[in-house]
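Now for the letters of each chain:
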Amino acid sequence: MISRLFSIAGNTFIESLRRPVFLAVLATVCLLLALNPAISTLTLGEDDRLLVDLGLSTILLGGIFLSAFISTGSISREIDSKTILTILSKPVGKLCFIAGKYLGVCATISLAGWIWSLVFLLGVRHGAISAAWESSDGPVLIFGLGAAIISVTVASWGNYARDWNFATSVSLLLAALLPLAWTLVLLVAKDWSLQGLQAEFTAEEKQLGQVLLALALALQALWILAAIAIACSTRLGQLATLIISFGAFLLGLSSDSLFGGPGREKALAKIAYGITPNLQFHWLADALSLGNPASGFYLLLVSGYTILFIGAILCLAAALFEGRETG
Amino acid sequence: MKPPPDTAFVKTAGLKKIFKDFWLRPKVVALEGLDLEILPGEVHGLLGSNGAGKSTTIKLILGLLFPTSGEVTVFGKPPGDVETKNRIGYLPEESYLYGFLDAEEILDYYGRLFNLPGPTRRSRIAELLDMVGLQGMRNRPLAEYSKGMQRRIGIAQALINNPDLLILDEPTTGLDPIGAREVKDLILRLREEGKSVLLSSHRLADVEDVCDRITVLYGGCKQAEGTIDELLSSPESTVIETDRLDADTLARIEALLKDAGGLSIRKTESPRQSLENFFLGLVEKAGREGAETSGATGGTGVARFLTRERPAEEKDAPAEEAAD
């Protein structure tokens, strides 16, 4: 079953990467994140806080959009286009199919999240340009832009000469080159002097460790939303799934205020609180701006919550799909 | 020819399927009490007009739909049994394929779903692409394929696991005459190899050419079942085919028939070559003369792994199933 699971996941991953919407969302969010240091100058004295806030929000919203386009149709599209007939007539169980689709969608969202996070981290290192006399961060521009230019050039050549799919190759190249660019940026200070890898992590004003933690948790929130979209997609069309997914996102961000207020002891509120994903666990931007650092233990706790919630949603998805006719 | 009940690859008893609307009210009776048996090594045709219940029957056999009542067993197990599907190949009524993949990728994907080892997958893909005449287009996305070329890939994917039971829903739809002829040759060859084929088709000539037994459906009910000979033979008349006869000889035969019991010749004709044979001859000639085409070429015969001549290493190659 494992190899079938990964085959379905791999196929879903390739399909998602080759859809034009993936490249469109990927590029738009990358551009917004690249402009983040310039946009963050619009506040007085809170530039770096806004830089992190804006970056995390952009990544979360970009992920929601990507998830909306990819996850919501992943199963209903297979049913509508009837490609599912050729899959389920082979030795593939419905549970395996659901889990494979979910893994493929998560892999796509994670790849995009990985690329966005690195662009965001390059922006964090660059910092907001708060005064006209401040110069740009040369290593960030050279290494970051270098990675982007090499990726686009090689992918274009591959598309022209070897029939490579442009979106797939540029994404994979960015995923491989941006970490290299970020590592180089960590090693080279703004004035081009060499520094230790730990220098950026120990700089107090940057809170780099906390930013990484926040990125990991934001990615987990996207995985939860993808699971909800997959579960809905087993029974509903793309539009209905889209609406429910956005509803779950909004409820998830306001779960504490809606169900955890004065009436929290009521049974109905308890049930609603239990079945609604609490995405506030995954949103560290507020804690960061208030100077309340999260610990590694918190990451573990939330990761446990994420795994259990996703497990429950996928079980529900499997139950919903098991009784569905697919012919 | 009534088969012993335990040997049938597929058996349905009183199979009924009613499609319901949103309020669970019966909307369409697609199938009504169907009894069907598909034996090892037989080519069984399902004939019927649009909406007769052919595709519904196939989907019930594959477990893609659930019966309202009645029973289906496939290789003695319920149709939803996942492992049983290792022995089945299925071509849907249209080639529902992933347009973003190319021919090689999609066959590799389906091969993986059967847990075929890498070398087996690669050799089978090459043989199948040769067989369906698409070796030259193996790296083009399927979205760019014509309907007929997609059909050929659909046939290839149905055979990747070397199935014991091949279910073909309208296999010749969209195919050119060469492709249609090759599919019929393939079906006959698979029967020689002891495999069973369930063939659903509108094309009566296709069914007549290759099927051992047929079931005729109308309005979800079985109207007739039997061998082609049982259903189609006409014992009231005799056809003799010979070289062209002149008018004098015909008159003498007529007289002879009259003496033999008052019989007469009802019809004489000089048969002409069929359009299919004429067309295939022209295409073969063009191919021999090296004319180029950007489409599918004629296949190279049945893939070796589908026959008893298949390489020894493939006969012995275990599926990766055990590892799971």
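Before any of the text, the structure's been laid out above.
Keep in mind that what you see is a predicted model, and the values were worked out from it rather than measured.

S.K.: Account for the overall build of chain B, with residues named and values stated.
M.R.: When helices and strands are counted, chain B shows 10 helices and 9 strands. With 324 residues in all, chain B has 44% of them scored as buried. Within chain B, counting contacts between residues at least 6 apart in sequence, those at least 24 apart form 70% of the total. Surface summary for chain B: the accessible area is close to 16800 Å², and the carbon and sulfur share equals 52%.

S.K.: Quick rundown of the sheet that holds strand 2 (residues 26–38) of chain B? Include the residues and the values.
M.R.: Each strand in a sheet pairs with another by means of backbone hydrogen bonds, the pair being arranged parallel or else antiparallel. Residue and element names in this part refer to chain B. If you trace the 3 strands from one edge of the open sheet to the other, you get 2-1-4, paired in antiparallel fashion. Among the strands making up the open sheet, the edge pair consists of strand 2 and strand 4 (69–74). Ignoring which end each strand starts from, the neighbouring axes of this sheet average 25 degrees apart. Looking at chain direction, strand 1 (residues 10–20) and strand 4 are connected through 5 bridges and run antiparallel. Within strand 4, the residue paired with Val10 across the bridge is Val74. Across the sheet, helix 1 (residues 54–61) touches strand 1, strand 2 and strand 4, and the angle it forms with strand 2 is around 65 degrees.

S.K.: Run through the pairing of strand 7 (residues 196–201) of chain B, naming residues and quoting values.
M.R.: All names here are of chain B. Burial analysis of strand 7 places 6 of its 6 residues in the buried class, the great majority of the element. Burial of the side chains of strand 7 extends over both faces: Ser196, Leu198 and Ser200 are buried on one face and Val197, Leu199 and Ser201 on the other. Note: strand 3 (residues 43–48) against strand 7, 5 bridges, orientation parallel. The residue bridging Leu47 from the neighbouring strand is Ser201, located in strand 7. Pairing of strand 6 (residues 165–169) with strand 7 involves 5 bridges; the strand directions are parallel. Its bridge partner lying in strand 7, Leu166 is registered against Val197. With respect to chirality, the unit in which strand 6 leads through helix 5 (residues 177–192) into the neighbouring parallel strand 7 is right-handed.

S.K.: Give me the lowdown on the interface of chain B and chain A, citing residues and values where you can.
M.R.: Of the residues lining the interface, 28 residues belong to chain B; the matching set on chain A comes to 30 residues. Here chain B packs against chain A, burying approximately 2700 Å² in sum over the two surfaces, 59% of which is carbon and sulfur. Run the count over chain B and chain A and you get 3 salt bridges. For Glu105 of chain B, the salt bridge is made with Arg18 of chain A, and the minimal N-O distance between the two is 3.3 Å. At the surface where chain B touches chain A, the tally comes to 11 residue pairs in polar contact (both at pLDDT 80 or more).

S.K.: Mind laying out helix 2 (residues 103–113) of chain B, listing which residues take part and the relevant values?
M.R.: By the criterion of burial, helix 2 of chain B is predominantly enclosed, with 8 of the 11 residues buried. For helix 2 of chain B, the complete set of buried residues consists of Ala103, Ile106, Leu107, Asp108, Tyr109, Tyr110, Gly111 and Leu113 of chain B. Buried residues in helix 2 of chain B make contact with helix 1 (2–18) and helix 5 (83–88) of chain A together with helix 3 (118–131) and helix 4 (147–159) of chain B. The N-terminus of helix 2 of chain B is capped by Asp102 of chain B, whose side-chain oxygen sits 3.1 Å from the backbone nitrogen of Glu104 of chain B.

S.K.: Kindly report on the layout of surface pockets, identifying the contributing residues and their values.
M.R.: The space that makes up the largest pocket amounts to roughly 1200 Å³. As for the largest pocket, its lining consists of 22 residues, of which Val239, Ile240, Ile265, Lys267 and Thr268 of chain B are closest to the centre.

S.K.: Describe the packing of aromatic side chains, with residues and values.
M.R.: To describe a pair of aromatic rings, one takes the distance between the centres and the angle between the planes. Residue and element names in this part refer to chain B. Following the criterion strictly, the structure yields 11 aromatic pairs over all chains and no others. With 5.7 Å between their ring centres and 70 degrees between their planes, Tyr98 and Phe100 make a pair best called edge-to-face. Phe100 shares its class with Tyr98; the two are buried. Sitting over the face of the ring of Phe9, Arg87 holds its NZ or CZ atom 5.8 Å from the ring centroid. We note Arg87 situated over the ring of Phe75; from NZ or CZ to the ring centre the distance is 3.8 Å.

S.K.: Describe the pattern of salt bridges, with residues and values.
M.R.: Under the criterion given, the structure shown has 25 salt bridges over all chains. Lys101 of chain A is the salt-bridge partner of Glu78 of chain A, the closest N and O atoms lying 2.6 Å from each other. Separated by 23 residues along the polypeptide, Glu78 of chain A in helix 4 (residues 76–81) and Lys101 of chain A in helix 6 (residues 94–126) bring together distant segments of the chain. With respect to class, Glu78 of chain A is no different from Lys101 of chain A; both count as buried. Of the charged contacts in the structure, one is a salt bridge between Lys16 of chain B and Glu32 of chain B, with a shortest N-O distance of 3.6 Å. Taken together, the residues span a long stretch of sequence, with Lys16 of chain B in strand 1 and Glu32 of chain B in strand 2 at a distance of 16 residues. Take Lys16 of chain B: its relative accessible area is 24%, and that puts it in the partly exposed class. With relative accessibility at 35%, the residue Glu32 of chain B sits in the partly exposed group. Among the ionic contacts, a cluster of salt bridges with common partners joins Glu15, Arg77, Glu78 and Lys101 of chain A.

S.K.: Describe the side chain of Ser200 of chain B, with residues and values.
M.R.: Residue and element names in this part refer to chain B. Tracing the sequence through the fold places Ser200 in strand 7. There is a polar contact of 3.2 Å between the side chain of Ser200 and the side chain of Asp169. Leave out the neighbours within four places in its chain, and Ser200 touches Leu46, Lys54, Ile58, Leu168, Asp169, Glu170 and Pro171.

Calculation criteria
- Residues numbered from 1 in each chain as written.
- Chains lettered and ligands numbered in written order.
- Predicted model: local features only at pLDDT ≥ 70, side-chain atom pairs only at ≥ 80, totals over all residues.
- Heavy atoms only, no water.
- Helix = DSSP H or I, 4+ residues; strand = E, 2+ residues; numbered from the N terminus.
- Buried < 20%, exposed > 50% of the residue type's maximum accessible area, 1.4 Å probe, protein only.
- Contact = heavy atoms within 4.5 Å.
- Areas by Shrake-Rupley, 256 points an atom, 1.4 Å probe, with all protein chains shown as cover.
- Pairing = 2+ DSSP bridges.
- Axes fitted to C-alpha atoms, helices over the stretch in contact; angles between N-to-C directions.
- Right-handed = clockwise from strand over helix to strand, strands pointing away.
- Buried area = accessible area lost by both parts, 1.4 Å probe.
- Salt bridge = Lys/Arg side-chain N within 4 Å of Asp/Glu carboxyl O.
- Polar contact = N/O pair within 3.5 Å; in protein donor to acceptor, adjacent residues only side chain to side chain.
- 1 Å grid on protein atoms, 1.4 Å probe; cavity = no way out; pocket = protein on both sides within 12 Å on 5 of 7 lines; lining within 4 Å.
- Points joined across faces, edges and corners; volume = space filled by probe spheres on them.
- Phe/Tyr/Trp six-rings, centres within 6.5 Å; stacked < 30°, edge-to-face > 60°.
- Lys NZ or Arg CZ within 6 Å of the ring centre and 35° of its normal.

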